[in-house]
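Coordinate inspection notes
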Amino acid sequence: MGEQNVTESRETAELRAFVRHVLRDLRALEHMLKSGVIESGITRIGAEQEFFLVDSAWRPTPAAPEVLKRMTGRSVTPELARFNIELNAPPYDLGGDCLSELERHLVEGAAEMRVVARELGAEICMTGILPTLVISDLSTSNMADSPRYRAFDEALRRLRGGAYEFRIKGTDELSLRHDSVMVEACNTSFQVHIQIDPDLRSFNDAYNTAQLISAPVIAAATNSPILFGRRLWRETRLALFQQSMDTRQASQHQRETSPRVNFGDRWITGGILEILKEDISRFRVLLGMPISENPFDALEAGRPPKLDALRLHNGTVYRWNRPCYGVGGGKPHLRIENRLLPAGPSIIDEIANAAFWLGLMVGFRSVCPGFEDRMEFDDARGNLVLAARHGLAAQFHWLDGLQLPAQELILDHLLPVAEAGLASRGIVEADRRRYLGVIEQRVGSGLTGSQWILSSLASMRHHGSRTERLAALTAGMTARQEKNEPVHTWSLADIDESGGWKQHYQRVEQYMTTDLFTVNQDEAVDLVACLMDWRHIRHVPVEDDRGCLVGLVSHRLVLRLVANGWSRDDGTPVPVREIMQKNVVTVSPETTTIDAIELMKEHRVSCLPVLKDEHLVGMVTETDFVRIAAPLLEQALRD
């Protein structure tokens, strides 16, 4: 997906021609595998570090284009949103001090990016999902100015045939509709690559190992428990990313279809070609690009082909462990890309996660040969869901029918294997102790990034507004990760780190009430009176059967009805639609606080329903504005 010169492919001659290029590239790859021209006998690793850019209020800021212009000495690339950016590490031979060299490269790159960002009034933050994100941040105006992203968004929307719908349930529940692929920009990751020998047995062994160990690795690394203020999965990224890239349409038929973000459905036996053929068979081409190279001509000329068409299609199918073809140093190679790991909490935490994964990748097969016959693939896939939902509290189905808690599996069974695997590749002892020691202490204490976020949030539950608490989380993790200390040593975030109340009340979406009690227009007014009495509220919004706002009932209206009697002359209850106020003054979530106050004054209303696409998403009242003004008065008195 790094290619910029792409277009949306439709049912045209252009699409058919591009599909033909994809198939020709696949045949070329098959020929290369048979003729032994793909590099083998060496293991290299690489990494891609993604960041959020945030402003002084700890909210996402679209500063990436300017940061990219100024980061001339580093390999940095844009991401989907203008508030995301990626730093790429060079490849390293797996051995010696490669892990500490990778850490040094990322620490130096992050420090340089931090300086550039601060010159622009921004900060960089590493986290799987930024706590302070709100829906309005995901507008297409924040999409990177890139043909590939515009084309990709158009293609996904066309295949979906409608809006993106999300439903994730954890401690809280998220139900959301959105009109673009920008929801995917909520996610940032730390992607790790490992080069694999191309022969059938080596690739099968490596890929199946990556699938097996995915669950325990992600259980130890969770860092994304919050989305739009809701506490969801310990690694909510997995659910959100899969749903944001899902092109399947709801159907009454029993046909089985696969999401573009997937884990697979079996242990592989046919190497990389089995996976690529499966993905070409199941997933339509979304994007096209001009193809000038004939891969067979390149091979005949002694050049490694780029296989641009095949790589572009592979870049639009998001396997959690994705097989990749590439060319480096003039030689073609194969690698596996781990897309599971979240960004953060700190770079040392990320390198520790990478060390754990890499150690298992090179060491697990030697202690558990033939594990495919000792465990059903469905258990490996189910384990990943359990890990994403519950983190270290997950209970895994393991080899030979064992049921093991995540902490026991990692500490007693897998860490020794990872240690032996890294030692077998000549990783220096100091690095093995440093990084696997971080995993041991983090897992033993249960203090993952997700746990730090949730514990910090709980410690602040009686302080500030939700917006201030989420800002304090973001500020706290940003400050702590700059020191590059592992998350299990961090102190909890404090409400004072949010930067003060002023910057968290600029728009109504930052403080509106979202836990609302509503009634249908055909229900009895008696229910409205009860709601007001039970919940101590003065306004009840009225919705129709489609969930659209159609009116408002105030406490004053109910009192007037009580004075005149509850029922009609024939004794039947009065429906809400007969007494509700129909011409309701409303605002959008993006409305500024100043504009909202002016609307209230102009129309002499005491509340403003907040609408998004005609649907009620929140409410602001006079009480909210009094609450906003109180800190200002306190500050004025102190001054």
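Attention now moves to the environment of Arg260. Mapping Arg260 onto the fold places it in the loop between helix H6 (236-244) and strand E12 (261-262). Expressed as a C-alpha distance, the spacing of Arg260 and Val116, which sit 144 residues apart in the sequence, is 36 Å. One polar contact links the side chain of Arg260 to the main-chain carbonyl oxygen of Arg284, over a distance of 3.2 Å.

A few words now on the pattern of salt bridges. In this structure the tally under the stated criterion is 40 salt bridges. Taking the shortest distance from any N to any O, the salt bridge between Arg118 and Glu123 comes out at 2.9 Å. Note on Arg118: relative accessible area 40%, which makes it partly exposed. Residue class for Glu123 comes out buried when judged on its relative accessible area of 16%. If you follow the salt bridges from partner to partner, you end up with Arg74, Glu101, Arg104, Glu108 and Glu112 in one network.

We now examine helix H16 (residues 525-535). Turning to H16, its buried residues are Val525, Val528, Ala529, Leu531 and Met532. Looking down the long axis of H16, one finds its buried residues gathered within 160 degrees of arc, a one-sided arrangement. Those residues of H16 that are exposed and aimed more than 90 degrees away from the buried face are Asp533 and Trp534. Positioned one or two residues after H16, His536 has a phi angle of 55 degrees, which is positive.

This brings us to the pairing of strand E20 (residues 539-543). Of all five residues making up E20, five are buried, and the element is well covered by its neighbours. Across the two faces of E20 the burial is the same, with His539, Pro541 and Glu543 and Val540 and Val542 all buried. Here two bridges tie strand E19 (residues 519-520) to E20, and the two strands are oriented parallel to one another. Opposite Val519, over in E20, you have Val542 as the bridge partner. Inspection of the sheet shows E20 paired to strand E21 (residues 549-554) by five bridges, in the antiparallel sense. Bridge pairing in E21 links Val540 to Val553. From the end of E20 to the start of E21, which pair antiparallel, there are five residues, and Gly547 there has a positive phi angle of about 80 degrees.

Parameters and conventions
Residues numbered from 1 in each chain as written. Predicted model: local features only at pLDDT ≥ 70, side-chain atom pairs only at ≥ 80, totals over all residues. Heavy atoms only, no water. Helix = DSSP H or I, 4+ residues; strand = E, 2+ residues; numbered from the N terminus. Polar contact = N/O pair within 3.5 Å; in protein donor to acceptor, adjacent residues only side chain to side chain. Salt bridge = Lys/Arg side-chain N within 4 Å of Asp/Glu carboxyl O. Buried < 20%, exposed > 50% of the residue type's maximum accessible area, 1.4 Å probe, protein only. Arc of directions from axis to C-beta. Pairing = 2+ DSSP bridges.

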